[in-house]
Amino acid sequence: MKGTSLDLRVSILLFCVVTAISGQIRYSIPEEMRKGLFVGDVAKDLGLDVKRLVSGRARLVIDNEIQYVALNPNKGHIVVNERIDREKICAKKSPCSFSLEIVLEDPLELFSITVEIQDVNDHAPAFPKKEINLEISESTPTGTVFLLDSAADPDVGINSLQSYSLKTSDHFILKQQTRADGSKFAELVLEHGLDREKQSEHRLILTAVDGGEPQRSGTVKIHVSVLDANDNAPVFTQSVYKSSVSENVLRGTVVATVSAVDADQGFNGNVTYSFTHLEEDSSYPFTINPHTGEVTLTGAIDYEASSNYEINIQAKDPWGLVGASKLMIELIDVNDNSPLIIMASFSGKISEDSTPGTVVALISVQDKDSGKNGQIHLNIDERLPFKIKSSLRNYYTLVTEQNLDREKLSKYNITLTATDEGSPALSSTKAVVLDVTDINDNAPAFSQHVYNTQVMENNSPGVALVQIHSTDPDQGQNARISYFLIDGEVNGHPVSEFFSINTESGVIQSLRSLDYEQVKEYKIRVKAQDGGSPPLSSNTTVIVHVRDQNDNPPQVLYPVQTGGSVVAEMVPRAADVGYLVTKVVAVDVDSGQNAWLSYKLQKATDRALFEVGLQNGEIRTIRQVNDKDAVKQRLTVIVEDNGQPSRSAAVIVNVAVADSFPEVLSEFTDFTHDKEYNDNLTFYLVLALAVVSFLFITCVVVIISVKIYRWRQSRVMYHSNLPVIPYYPPRYSDTLGTGTLQHVYNYEVCRTTDSRKSDIKYSQPMSQSLVSVDDAGIETLKNGEQSSVLSRMSTLQKPPNNDWRFTQGQRPGPSGATGGPEVAMGTGPWPQPPTEAEQLQALMAAANEVSEATATLGPGTMGLSTRYSPQFTLQHVPDYRQNVYIPGSTATLTSNPQQQQATAQQAAQQALPPPQVSAQPEPPKAAQTPASKKKSTKKEKK
C-alpha cells in the first residue's frame, strides 16, 4: 500500500523546474524516485548539441560519495541513478538540495547544476515511547502545564508534524506550542482539579497528525497517576540555557549546568533533572546528572554534521511536580578536516607540441570545514613548466606555462598541494604523473658526415662494405629509421646497379665485382628516413675506395708477337760489347707496386752472348760477337710485376747474327715447324706418362683386393657353421652286421678344404638299436641315444672293411657312367682308393641320416631292417648321389635314371655275393669337375 501511494505521489509530483542564472541550472525532483527516471534534459537546457556531449566526453562531478544521478550522454538526459532519501541527505534541513557539475573537454567547459529534493510524505509521526506515565498531585492547581514527549516526523514542510489532538477528557486539555525552528510540541493542561479519592488514575490518548496527502498520524497512551498533595513545583532559574563548545572538545567535558528551585521543604523539595521530548532515533551525545543538573559530553560532536543542539530539560520533585526549561548548545568549528584533492579530468598524457596555456587537468578541491578553515589554496612546484589557475567554485585548472620537449624530459612527476587557511593550517598532497607524448620533430642524425671505406677489387658480389648508423631521439615509430640509396650515376649507370643497402641495419653491400682499373672511387649518397608522419630525413655521403689487386699480367708492346710471321733482330758480327740489340717494351694496367716491372732472361740459345736490363728491358751483348756464334739466336724474356702474387708475361725475341738479310731469311724459315713439332712431342709424352701411371695404380688396387678377398674366404671357411650337404653312397653288405639291422651301411665321407686341420674318427658298430617306434608307428631316436651316437661317431674310428660289394648302379662316379660286366654283378673292385673328400662326405651323410631319422620318426622302436624290408621299397629311399655339393670343392655328384633303376632291381633280391678275401675293395670315386681335376693334379705333383 505504501509503495502504491508513493508511486502515485511520484507520478503526480514529478516535474522539473529549470532556471539558468549565470550558467547554473536548477532541477527540482521529489524524493524516492525509482532508478532510471528522468530528471532533466541538460542538453536542451544548456543549449548544447548531443554530439558535443559525446565528443567532449561529458561526465558528472558530484561532491557526495553516492552518485544519486547519472548522465546519459547519448540523449543529454540526467536520470536517477540511486534511490534518493531526502531525510538521509538533509535530515531537517529545508530546502534540501545537492550540487553537481558537468565537465566537457576539448575545449574544457564546466556547468553547475543544483538538484533540489522535494519531500514526500513517506513517514508518519512517531512518539519515542509507547506510553507516557505522569504522576500528578491532587493538589496541583488548575492550569498547570505538563510537558509531553514530542512525536518525531522526519518529513519537512507540510508533510511534517502539524498538530496534536487529545481524546476528550474531563480534567485535561491539550495545548500546542511551536519552537523557534518551527517544530511543534504538546502540553497537557490541567483544566479541572483532581481528586485522588474519586479517581486515582486517568488514561488518555494523544494523537499526532502531519499535513501530508494522504495524512499520516501516530498515537501514544498517557497514563496519569494522581499523587497526594504537593503544592509547589520546581522552577528553573532560566527559561533558556545557552552554551558554546568547540567540536574537538573531549568526551566527559561538562558543557552546561542547569538548576531548578522547589519552594517545598524536606523530601518534597528534592529535584531531579532529565531530558524530555527526545526523538526515538535521536542520538544526542549529551547526558545530564539527575541530581546536580550538569550536562556532560558523552559522544563525538562534529560541526560539519550538526552545528547546534536544542534540548528540553525537566525538573521534577518527588511528588511529580515538574518545571521545564530549554538548553541551547552551539558548536564552534575548528580546522579538523584536511582538504581533499579530486582529479575531475586528467588523461595523464600531453603532446610535446602543446602551446603554453594548454589545460592539462581539471582539479576539484573540497574542505568540509567552514569559514577560513574551508578556504583552500592549491599550489605546485614552481620549477615545473606548469601553473595553477583558479576556475569556478573550488575548481582549479593545471595549464602549461612553457613549451615542452619530450627529448629533454619525457615524464613529469607533479605534486599538488592543497592548504586551507585554518589555524593551524591543514594540507594534503596528491602526486600525478604526466607523460609527454612524442611527435616527429627530430630528423635522424648520422654519426659521421662522410663515411670512408675500402674494398679490394674483384670482390665477391654481396660482400658488406660498411655499416652506417644514425640516431633519432624521437620515440616509437618516429624513431624507426630506414636507409635508402639516393639515385645517382656511375659511368652512366645507376648506383643501384653497383650497391645496395639494408633498410633496417644500414649495411651497404656490393652487387657486383668492382674493377679498380675502371673506377677507383665511388661516392654514394645515403638517406636515413624515420617512420613519422610526415617523415623526416637526413643525408650522408659514403666514399668507397677500390684498392688495386694484382689481377692483370704485364702486356708486351714490343716486340709484337704475331702468329703468322717471325720477326728477328739483326746483330752484325762486328758488334762490340754492350751493343743494343732491341728493347722489350711492356706495360701493366695495375697501379702502384703491382705495375712495377722487371725483365729477366729466361732462356737463350747462348746465355753468354746477351743480357737483359732488369728495369728497362734493353737486350745488349755482353761480349764480342765472333764467327762461331750461331746465326739463329732465340731469347725468351720474362716480364714480371711486383705484385703479391706476382704475374708475368713471356716474350720470344729472335736475334739473327748476320751481316746480310738473305742469310737471315734462310735460317728462320723453319722456326714455325720446329715449334709445332716440339709442342706435339710434349703433348704425347705427358699423355703416355698419365696412361702408364693409371695402369700401375689399377693393378696395385686389384692385387690388394684379391689378397684381401682370399684371406677373408679362408677365415670364413675355417670358422663357418654352414651345414654340409652330404653325399650318400649306396649301401654295402657286411657279414659282421648284428642287432636289428640286417646289413651294415657304409658311407663315403666328404671333407672340406680345411678338414686337414682336424682328425676323423669312425664309430664302432653298435649292438643296441638307436631307433625307437612309438604307438603311432613314428620312428625317432631317443635324445640320450642320439647324443651318444653323435659323440661316438666323433670320437671312435672303425677300420675300413676290406670286403666291399656293390653293383654298377651303386658305384659312385660321373652322372650316367656305367661299368663292365663284373661291376654289374657286384664283383668289381673300386676304381681307386677313396679320397680324403669322399671319406668326409660319407661321414657327414651318416650324421645327416641320424638327424633325419630323429626329426621324422615318432616314439617307438623300429629297426632299419623294417625301413628297408620288402614292404619298404627303395623308391622311398632318396638318391643322395644326385647333385651333391662337396664343401670346399667345385665337384658335383650326379646320377642318371638308368643307374637308379638298376639299383632298385638289385635291392629287391635282398642278397649279395659273399665277400672275396683276395679282392681289395676300392672306394667309390666322385665325378670330377674341371676344378676337382685341377686339385687332383696338384696332389699328384706333391
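Predicted, not measured: the structure shown is a model, and the values here were computed from it.

Q: Please give an account of the nonpolar core that cites residues and values.
A: Ranked by size, the top nonpolar core spans 29 residues in total, and within it Val-42, Val-69, Ile-78, Leu-100, Ile-102 and Ile-113 carry the most contacts. Mapped by element, the contributors of at least two residues to this core are β2 (24-30), α2 (42-46), β4 (59-62), β5 (69-72), β6 (77-80), β7 (96-104) and β8 (109-118). Of the residues forming this core, the biggest block, five residues, is contributed by β7. Among all residues touching Ile-78, those that are not within four sequence positions of it are Leu-37, Phe-38, Val-39, Gly-40, Val-42, Val-69, Ala-70, Leu-71, Ile-102 and Ile-113.

Q: I'd like a rundown of the sheet that holds strand β3 (residues 38-41), residues and numbers included.
A: Taken in spatial order, the three strands of this open sheet run β3-β6-β5, and their pairing is antiparallel. Edge positions in the open sheet fall to β3 and β5, since each of these has one partner strand only. Ignoring strand direction, the axes of neighbouring strands in this sheet form an average angle of 25°. As judged from the three bridges shared by β3 and β6, these two strands associate in the antiparallel manner. Bridge pairing in β6 links Asp-41 to His-77.

Q: Tell me about the confidence of the model for the chain, and name the residues and values.
A: Detailed conclusions should not be drawn from predicted coordinates in areas where pLDDT is low. In this model, the chain carries a mean pLDDT of 75, and residues with pLDDT of at least 70 account for 70%. Segment residues 724-748: pLDDT under 50, and 89 contacts once partners within four positions in sequence are set aside and those in other chains are kept. In the model, residues 752-831 has pLDDT below 50 throughout and makes 195 contacts with residues more than four positions away in sequence or in other chains.

Q: Could you give an account of the sheet that holds strand β45 (residues 568-571), naming the residues involved and the relevant values?
A: Ordered in space as β45-β52-β51-β48, the four strands form an open sheet in which the pairing is mixed. At either end of the open sheet lies a strand with only one pairing partner, and these are β45 and β48 (597-604). On average, each strand axis in the sheet is inclined to that of its neighbour by 35°, with strand direction left out of account. Pairing of β45 with strand β52 (residues 648-657) involves four bridges; the strand directions are parallel. By the bridge assignment for β52, Ala-568 is matched with Asn-654.

Q: Describe the environment of Ser-513, and please don't skip the residues or the numbers.
A: Mapped onto the fold, Ser-513 is located in the loop between β41 (507-510) and β42 (521-530). Given a relative accessible area of 37%, Ser-513 falls into the partly exposed group. A C-alpha to C-alpha distance of 5.6 Å links Ser-513 and Pro-461, two positions 52 residues apart in sequence. The residues touching Ser-513, leaving out its near neighbours within four places in the chain, are Asn-458, Asn-459 and Pro-461.

Q: Mind laying out a nonpolar patch on the surface, listing which residues take part and the relevant values?
A: The grouping of Phe-683, Tyr-684, Leu-687, Val-691, Phe-694 and Leu-695 at the surface amounts to a nonpolar patch, some 660 Å² of accessible area in total. Looking at the secondary structure, you find Leu-687 in helix α6 (residues 671-718). Among the residues examined, Leu-687 registers a relative accessible area of 43% and is labelled partly exposed.

Q: Could you give an account of the state of the cysteines, with specific residues and numbers?
A: Across all of its chains, the model carries one disulfide by this definition. Across the disulfide from Cys-90 sits Cys-96; the S-S distance is 1.8 Å. Disulfide Cys-90-Cys-96: torsion about the S-S bond near 70°, hence right-handed. What makes Cys-90 buried here is its relative accessible area of 11%.

Q: Got a sec to walk through the pattern of salt bridges? Specific residues and values, please.
A: This model, assessed by the stated rule, comprises 18 salt bridges. The residue Glu-504 makes a salt bridge to Arg-480 at a minimum N-O spacing of 3.7 Å. You can see Glu-504 sitting in the loop between β40 (499-501) and β41 and its partner Arg-480 sitting in the loop between β36 (470-471) and β37 (481-485), a full 24 residues away along the chain. Exposure remark for Glu-504: the relative accessible area of 48% places this residue in the partly exposed category. Taken together, the shared-partner salt bridges connect Arg-57, Arg-59, Glu-105 and Asp-106 into one network.

Q: Describe in detail the packing of aromatic side chains, supporting the description with residues and values.
A: Here the structure, examined in full by the defined rule, presents ten aromatic pairs. Note on Phe-236 and Tyr-273: the rings are 6.1 Å apart at their centroids and 50° apart in plane angle, and the pair reads as tilted. With Phe-236 in strand β16 (residues 235-236) and Tyr-273 in strand β20 (residues 272-276), this pair connects stretches of sequence that are 37 residues apart. What makes Phe-236 buried here is its relative accessible area of 10%.

Q: Could you give an account of the environment of Ala-324, naming the residues involved and the relevant values?
A: If you trace the backbone, Ala-324 turns up in strand β24 (residues 322-332). Between the C-alpha atoms of Ala-324 and Asn-312, which are twelve residues apart in sequence, the distance is 7.2 Å. Each residue touching Ala-324, except ones within four places of it in the same chain, is listed here: Leu-147, Phe-236 and Ile-313.

Conventions adopted
- Residues numbered from 1 in each chain as written.
- Predicted model: local features only at pLDDT ≥ 70, side-chain atom pairs only at ≥ 80, totals over all residues.
- Heavy atoms only, no water.
- Core = buried A, V, L, I, M, F, W, Y, C linked by side-chain atoms within 4.5 Å.
- Buried < 20%, exposed > 50% of the residue type's maximum accessible area, 1.4 Å probe, protein only.
- Helix = DSSP H or I, 4+ residues; strand = E, 2+ residues; numbered from the N terminus.
- Contact = heavy atoms within 4.5 Å.
- Pairing = 2+ DSSP bridges.
- Axes fitted to C-alpha atoms, helices over the stretch in contact; angles between N-to-C directions.
- pLDDT = per-residue confidence, 0-100.
- Patch = residues over 30% accessible without salt bridge, like charges linked within 9 Å, V, L, I, M, F, W, Y side chains within 5 Å.
- Areas by Shrake-Rupley, 256 points an atom, 1.4 Å probe, with all protein chains shown as cover.
- Salt bridge = Lys/Arg side-chain N within 4 Å of Asp/Glu carboxyl O.
- Disulfide = S-S within 2.5 Å.
- Phe/Tyr/Trp six-rings, centres within 6.5 Å; stacked < 30°, edge-to-face > 60°.

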